[in-house]
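This is what each chain is made of:
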Amino acid sequence: MNPDELILTTAEIISIAPWQITGIRRSTKKSYARYIIAHHLRNRYKYTTTNIAKVLNCHYTSVLYYLKKYEENLQYNSQFREITEKFNEKIK
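Just so we're clear, the structure is a prediction, and the values are computed from it rather than from any experiment. (Residues numbered from 1 in each chain as written. Predicted model: local features only at pLDDT ≥ 70, side-chain atom pairs only at ≥ 80, totals over all residues. Heavy atoms only, no water.)

## Thoughts on the overall build of the protein chain
Phase 1 of the analysis: A tally of regular secondary structure across the protein chain gives 6 helices and 0 strands.
Phase 2 of the analysis: The order of helices and strands in the protein chain, counted from the N terminus, is α-α-α-α-α-α.
Phase 3 of the analysis: For 92 residues, the compact-globule estimate of 2.2 N^0.38 gives 12 Å, and the C-alpha radius of gyration of the protein chain, at 12 Å, lies within 12% of that figure.
Phase 4 of the analysis: A principal-axis box enclosing the C-alpha atoms of the protein chain has dimensions of 30 × 25 × 25 Å.
Phase 5 of the analysis: For the protein chain, the residues scored as buried account for 41% of the 92 residues in total.
Phase 6 of the analysis: A separation threshold of at least 6 residues defines the contact pool for the protein chain, and within that pool the share at least 24 residues apart is 50%. (Helix = DSSP H or I, 4+ residues; strand = E, 2+ residues; numbered from the N terminus. Rg over C-alpha atoms; globule rule 2.2 N^0.38 Å. Buried < 20%, exposed > 50% of the residue type's maximum accessible area, 1.4 Å probe, protein only. Contact = heavy atoms within 4.5 Å.)

Following this line, the structure appears as structure tokens:
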């Protein structure tokens, strides 16, 4: 699965437009999408933080933040966990 397909899949699950994921707005849904995409690009596809930043149209330090927030939200946020489970089922 390439980055564009990850963005489309995530946008579909979260019910936002794909272009919103790479935009500058910071709503909860958009943030969740960025966390999920950054995590999967880093762990499954071994992208560097710089390459993830290019995909998500952000600075590489933002990617580091997204990766940290993914783990925190997965542990403590049931809504995020539910979205992540749906995403994982979809990409199997």
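From this point, things continue past the structure.
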